[in-house]
Amino acid sequence: MTSGLGPQPCPRAPYGVQKATWAVDQAPAAVARLRADVADVLQEWGVDADDDQLFAVVLVLTELVTNAGRYGRPCLGLIDVDLWLEGRRVVIAVMDSSTDAPVMREVGSDGESGRGLRLIGAYAEASGYEIHRTGKRVWAVIGPHVAPEGEAFLLDAAQIVV
């Protein structure tokens, strides 16, 4: 096993930026509702529904929230999600009550999970996590020009399980 995202302080939302917050149930069905809510909020903020940035934000958010629900020991079964627009970049921050660092796992071609941190690395301009005494915040910044680079991130549809 290799380490996942690096320990980095989470960006803070500057005063007056457009920001949305959610307390999401850890049940997998809640993630679908959150994706729809986030897409609506981003469109209200001017991100085009057909834009690659919206796709990338929803994909990365799904991975972060799913990992928090699966591995993060959500407090009272809830996962805290913050989303804000900083210039043309979207910042996603997900808080859970585990102090365990995210870990990137080796996954075979027939594995059904374990690709989330690679997807985050492919689509985020920056990402990381910070540990607090009550848990951790895992975050990612998605810029307006999203284009995964490098052979390591060339995945076919059979490899992506969300």
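Residues numbered from 1 in each chain as written. Predicted model: local features only at pLDDT ≥ 70, side-chain atom pairs only at ≥ 80, totals over all residues. Heavy atoms only, no water.

Draft legend 1. Representation of the packing of helix H2 (residues 52–71) against helix H3 (residues 116–123). Direction vectors running N to C along H2 and H3 enclose 150°, while the axes themselves pass 9 Å from each other. With respect to their mutual orientation, H2 and H3 come out roughly antiparallel. Viewed along their axes, H2 and H3 form a crossing whose handedness is left-handed. Touching Phe55, Ala56, Leu59, Val60, Glu63, Leu64 and Asn67 of H2 are Gly116, Leu117, Leu119, Ile120 and Tyr123, all from H3. Its residues assigned to classes, the contact of H2 with H3 shows nine nonpolar, two polar and one charged. (Axes fitted to C-alpha atoms, helices over the stretch in contact; angles between N-to-C directions. Helix = DSSP H or I, 4+ residues; strand = E, 2+ residues; numbered from the N terminus. Parallel < 35°, antiparallel > 145°, perpendicular 65-115°, else oblique. Left-handed = near helix turned anticlockwise from the far one by under 90°. Contact = heavy atoms within 4.5 Å. Nonpolar A, V, L, I, M, F, W, Y, C, P; charged D, E, K, R; others polar.)

Draft legend 2. Geometry of the sheet that holds strand S3 (residues 78–86). Ordered in space as S2-S3-S4-S7-S6, the five strands form an open sheet in which the pairing is antiparallel. Two strands lie at the open edges of the sheet, namely strand S2 (19–25) and strand S6 (126–132), each paired on one side alone. Between one strand axis and the next, the sheet turns by 15° as a mean value, whatever way the strands run. Its contacts with the sheet place H2 against S2, S3, strand S4 (89–96) and strand S7 (135–142), and it is angled at close to 10° to S4. (Pairing = 2+ DSSP bridges.)

Draft legend 3. How the structure looks around H3. Summarising burial for H3: six of the eight residues are buried, a large majority. Those residues of H3 not exposed but buried are Gly116, Leu117, Leu119, Ile120, Ala122 and Tyr123. Close packing links the buried residues of H3 with H2, strand S5 (103–104), S6 and S7. (Buried < 20%, exposed > 50% of the residue type's maximum accessible area, 1.4 Å probe, protein only.)

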